[in-house]
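The lines below spell out each chain.
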Amino acid sequence: MAEGFSGWSFSLRPPSPPSPPGLSVSAARASSLRSPIFFLIFFNKPSRLFKMASRGTVKASGNFNASADAEVLHKAMKGLGTDEEAILQLLVARSNAQRQQILSSYKTLFGKDLVSDLKGELGGKFESLVVALMSAPLDYDVTSIRNAIKGAGTDEKVLVEILASRTAQQVKEISAAYRKEYDDDLEEDVSGDTSGHFKRLLVILLQSNRQKGIQQGEIEKDTQALFKAGEQKFGTDEQSFVTILGNRSAEHLRKVFDAYMKLSGYEMEETIKRETSGGLRDLLLAVVKCARSVPVYFAETLYYAMKGAGTDDNTLIRVMVTRSEVDLLDIRTEFRRLFACSLHSMIKGDTGGDYRKALLLLCGGDDA
């Protein structure tokens, strides 16, 4: 039995056929582990021994040549007219790391900045999508946050989405990169642009100090504290929600949510919707949903970005690009489970032109 599989029984698998002549017993066993029956039994177990490195739709190209790709892009923008089809087909078929290499090769070959050339040749939403694809993930998050707090007014939606969904390590990297890029402190900038308990929860999330694992002795205490702060209280003690939801691990919070449901008869989201409002309500809901399932959170985010009159293209682009190499396959699955259509079909019906073609390539398939 392979190392790491101890405790597993494969007795459900029919006996292996006799080894073919010349095939050792160990080789025959290895072959049987690759059989369809083994995969059916082992990989359908609810608790897997490993996690795929990426559940994204965009993968690195196997036959990658940065200089050749730079030549293709230069040709697509040379002369009269622009070959948008060639641009989108190439860029979506490369990982972000490969796109960064293309940027470097383009400047080496032609002495020009590729992103600047793309901006000069493209326009509208398609241009915004292509520029987003050419940005390194960390740089893209940092720029998105900067634009959200330094523009006219505050784009709370961007702050909520990024700070609620990123890992603690990613938030630390965002804060460090923000300081390096702008010589400003992200926490100070966020604090200066927001207020109240919404600001307090954002500041807590920026600390990236969530407790690790499940604190068994705290589950009942946290559950009672949340119940007393909301459903059992006239008015709402927002600080209790902010402190608990902002500092506990996702695994711990899921235990608290289950206990809260048994105690109060309400899902945590129902209580938050009744007891809070505005930016705080949106942020608390995002934290709860991401603690339950990040792919579900983004499936809902994409749906409501396209539902109804008009499309929130900034959100659509941001989510499709940032999750394309992370968990977009899972987001697609959850989207189809939650709603009456597939992500692919909703994008197809809500967008047009080269913008739609590129988004559908990023989507990577239809789950209808």
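Residues numbered from 1 in each chain as written. Predicted model: local features only at pLDDT ≥ 70, side-chain atom pairs only at ≥ 80, totals over all residues. Heavy atoms only, no water.

Draft legend 1. Broad picture of the packing of helix H18 (residues 294-306) against helix H19 (residues 313-323). Contact geometry for H18 and H19: axes closest at 9 Å, N-to-C directions at 150°. In this view, H18 runs roughly antiparallel relative to H19, as classed from their interaxial angle. Here the hand of the crossing between H18 and H19 comes out left-handed. Taken together, the residues of H19 that come into contact with H18 (itself represented by Val294, Phe298, Thr301, Leu302, Ala305 and Met306) are Thr315, Leu316, Val319, Met320 and Arg323. Class assignment for the residues of the contact of H18 with H19 results in 8 nonpolar, 2 polar and 1 charged. (Axes fitted to C-alpha atoms, helices over the stretch in contact; angles between N-to-C directions. Helix = DSSP H or I, 4+ residues; strand = E, 2+ residues; numbered from the N terminus. Parallel < 35°, antiparallel > 145°, perpendicular 65-115°, else oblique. Left-handed = near helix turned anticlockwise from the far one by under 90°. Contact = heavy atoms within 4.5 Å. Nonpolar A, V, L, I, M, F, W, Y, C, P; charged D, E, K, R; others polar.)

Draft legend 2. Focus on the packing of aromatic side chains. Scanning the model with the defined rule gives 9 aromatic pairs in all. Taken together, a centroid distance of 6.5 Å and an interplanar angle of 70° make the contact between Phe227 and Tyr260 edge-to-face. Of this pair, Phe227 sits in helix H13 (residues 216-229) while Tyr260 sits in helix H15 (residues 250-264), and the two are 33 residues apart along the sequence. Across this residue pair, the class does not change: Phe227 and Tyr260 are buried. Measuring from centroid to centroid gives 6.5 Å for Tyr304 and Phe339, while their planes differ by 85°, and the two rings are edge-to-face. Note that Tyr304 is positioned in helix H18 and Phe339 in the loop between helix H20 (328-338) and helix H21 (343-350), a separation of 35 residues in sequence. (Phe/Tyr/Trp six-rings, centres within 6.5 Å; stacked < 30°, edge-to-face > 60°. Buried < 20%, exposed > 50% of the residue type's maximum accessible area, 1.4 Å probe, protein only.)

Draft legend 3. Representation of the side chain of Thr194. Within the element layout of this structure, Thr194 appears in the loop between helix H11 (186-193) and helix H12 (196-207). Judged by relative accessible area, which is 11%, Thr194 ranks as buried. Within the structure, the side chain of Thr194 is placed 2.7 Å from the backbone oxygen of Val190, a separation counted as a polar contact. Ignoring any residue separated from it by four or fewer positions in sequence, one finds Thr194 in contact with Leu159, Lys199 and Leu202. (Polar contact = N/O pair within 3.5 Å; in protein donor to acceptor, adjacent residues only side chain to side chain.)

Draft legend 4. How the structure looks around helix H17 (residues 278-292). For H17, spanning 15 residues, the distance from its first C-alpha to its last is 22 Å, which sits close to the expected 21 Å at 1.5 Å a residue. Among all positions of H17, only Gly279, Leu280, Leu283, Leu284, Leu285, Ala286, Val287, Val288, Cys290 and Ala291 are buried. Residues of H17 that are buried sit in contact with helix H9 (156-165), H12, helix H14 (238-247), H15, helix H16 (268-275) and H18. (Expected span 1.5 Å × (residues − 1).)

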